[in-house]
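Structural overview for review
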Amino acid sequence: IKEKKRHMGDTKHFCPVSLKENFVLYPGLSEHAAKYQEKIYYFSTSEYRDKFLENPEEYVAHNEPIQAPPLRVCLLGTHGAGKTTCARQIADKLGIFHIQFEEYLQELILPKTKEKVGPDFDEEPKEDDNKMPIQSQELDNFSQTMTETEIKKSKQEVELTDEEEAIKANLMNNEALPPEVLDNIVLDWWRKEPFRSTGFILDGFPRTLDEAQYLSERGLCPDVAVYIQVEESDVLDRLFLPCLKKWKERQYKKMEYKKNLKDLKAKIRV
């Protein structure tokens, strides 16, 4: 074993082409191995092996050791496990970026939706008061104003691009994000500055098997993947009170709406 290690290439068991071109430590495979200057190099694909053999000097160390990429961490766990709290602390301690995936998706569509979307942000629908008789022009104007506001809001939502619609569907109904949408979001964190040279902790991604498969197919390998496992009772303790507070706030808004409508109708009768 010691003899074999001594004859491994500069990048050990990682693919030197993936490291050079994508700044990613991608494990090589023995079936894609090649020897250069009495050292063995392993490659992630046969295409990368052939590329290396065409110009090996571009991918090997010369006067200085090959620079390793910064730390890239994927932090996983159920909703309420404490991922974001842990991720912030880790990012501060290691001096890397903290990316909260679903929050990032919200920011991408927020300029058009004007508010965050999803189960945690949905307002309870207001009761339909159309059955109540319209007794004056003022009430009619009030209803018309409300209708125009709803139409304007609806138009704003319709103007979303295909990519924004996919993001909104993911946030609201957990529909899978297409690979082309993920390409426009995730690739930059591995391949562009300032993330490329600083590193990051990705909070809440991948969330599904398809998203994990996407990272593998694109050659986006995290250095560490951490899964936070917690008891269900702990999650309930953390989420119940905030959810109850939101419910109370919604009920209060609902009562205020009914009160204002009742006062307006009383004023009209007078």
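Residues numbered from 1 in each chain as written. Predicted model: local features only at pLDDT ≥ 70, side-chain atom pairs only at ≥ 80, totals over all residues. Heavy atoms only, no water.

Labelled according to an unreviewed UniProt entry, the chain appears under the name KAD9 kinase, originating from Oceanodroma tethys.

Now for the side chain of Lys 83. Among the structural elements, Lys 83 can be located in helix H4 (residues 83–94). Buried charge without a partner: Lys 83 forms no salt bridge, and the closest opposite charge is Asp 203, 4.9 Å away. Reaching out from Lys 83, the side chain makes a polar contact with the backbone oxygen of Gly 77 at a distance of 3.1 Å. For Lys 83, the residues in contact, after removing those within four places along its chain, are Leu 75, Leu 76, Gly 77, Thr 78, Asp 203, Gly 204 and Ile 228. (Helix = DSSP H or I, 4+ residues; strand = E, 2+ residues; numbered from the N terminus. Buried < 20%, exposed > 50% of the residue type's maximum accessible area, 1.4 Å probe, protein only. Lys, Arg positive; Asp, Glu negative; His and termini not counted. Salt bridge = Lys/Arg side-chain N within 4 Å of Asp/Glu carboxyl O. Polar contact = N/O pair within 3.5 Å; in protein donor to acceptor, adjacent residues only side chain to side chain. Contact = heavy atoms within 4.5 Å.)

Mean pLDDT for the chain: 84, with 83% of residues reaching 70 or above. Contacts for the low-pLDDT stretch residues 124–136, under 50 throughout, to residues beyond four places or in other chains number 17 contacts. (pLDDT = per-residue confidence, 0-100.)

Applying the stated criterion across every chain, the model contains 9 aromatic pairs. Seen in terms of ring centroids, Tyr 41 and Phe 52 are 4.9 Å apart; in terms of plane orientation they differ by 40 degrees. Their pairing is tilted. Taken as a pair, Tyr 41 in strand E2 (residues 39–43) and Phe 52 in helix H3 (residues 46–54) lie far apart in primary sequence, 11 residues in all. Each of the two residues, Tyr 41 as well as Phe 52, counts as buried. Aromatic side chains Phe 52 and Tyr 59 sit 6.1 Å apart centroid to centroid with 40 degrees between the ring planes, which places their arrangement in the tilted category. The exposure class of Phe 52 is buried, given its relative accessible area of 0%. (Phe/Tyr/Trp six-rings, centres within 6.5 Å; stacked < 30°, edge-to-face > 60°.)

Soluble, globular proteins show a tendency: their nonpolar side chains are buried together. Ranked by size, the top nonpolar core spans 26 residues in total, and within it Phe 101, Ile 167, Ile 185, Val 186, Trp 189, Trp 190 and Leu 202 carry the most contacts. Mapped by element, the contributors of at least two residues to this core are helix H5 (101–113), helix H7 (162–173), helix H8 (179–191), strand E5 (200–203) and helix H10 (209–217). Of all the elements, H8 adds the most residues to this core, at 7 residues. With near-sequence residues (within four places) excluded, Ile 167 lies in contact with Leu 105, Leu 108, Ile 109, Leu 177, Val 181 and Ile 185. In this structure, Cys 15, Val 17, Tyr 41 and Val 60 belong to the second largest nonpolar core, which totals 9 residues. (Core = buried A, V, L, I, M, F, W, Y, C linked by side-chain atoms within 4.5 Å.)

This part covers the pairing of strand E1 (residues 29–36). Note: E1 against E2, 5 bridges, orientation antiparallel. Of the residues in E2, the one forming a bridge with Lys 35 is Ile 40. With antiparallel pairing between neighbouring strands as the criterion, E1 and E2 make up a hairpin whose turn holds 2 residues, including Gln 37 at a positive phi of roughly 50 degrees. (Pairing = 2+ DSSP bridges.)

To continue, consider unusual backbone geometry. Glu 193 connects to Pro 194 through a cis peptide bond whose omega is 0 degrees. Along the chain, Pro 194 falls in the loop between H8 and helix H9 (195–198). With phi around 65 degrees, Glu 38 is a residue other than glycine that occupies positive phi space. Residue placement: Glu 38 occurs in the loop between E1 and E2. Non-glycine residue Asn 174 carries a positive phi angle of around 60 degrees. Within the secondary structure, Asn 174 is located in the loop between H7 and H8.

Tracing the sequence through the fold places Thr 11 in the loop between helix H1 (2–6) and helix H2 (16–22). Classification of Thr 11 as buried rests on a relative accessible area of 7%. A distance of 2.8 Å separates the side chain of Thr 11 from the backbone oxygen of Phe 14, its partner in a polar contact. Discounting chain neighbours no more than four positions away, the residues touching Thr 11 are Pro 16, Leu 19, Tyr 41 and Ile 66.

What follows is about the pattern of salt bridges. Going through the model one piece at a time under the given rule, you end up with 9 salt bridges. In this structure, Arg 49 engages Asp 50 in a salt bridge whose closest nitrogen and oxygen atoms are separated by 3.6 Å. Given the relative accessible area of 22%, Arg 49 is considered partly exposed. In this structure, Glu 211 and Arg 207 form a salt bridge, with 2.6 Å as the shortest nitrogen-oxygen distance.

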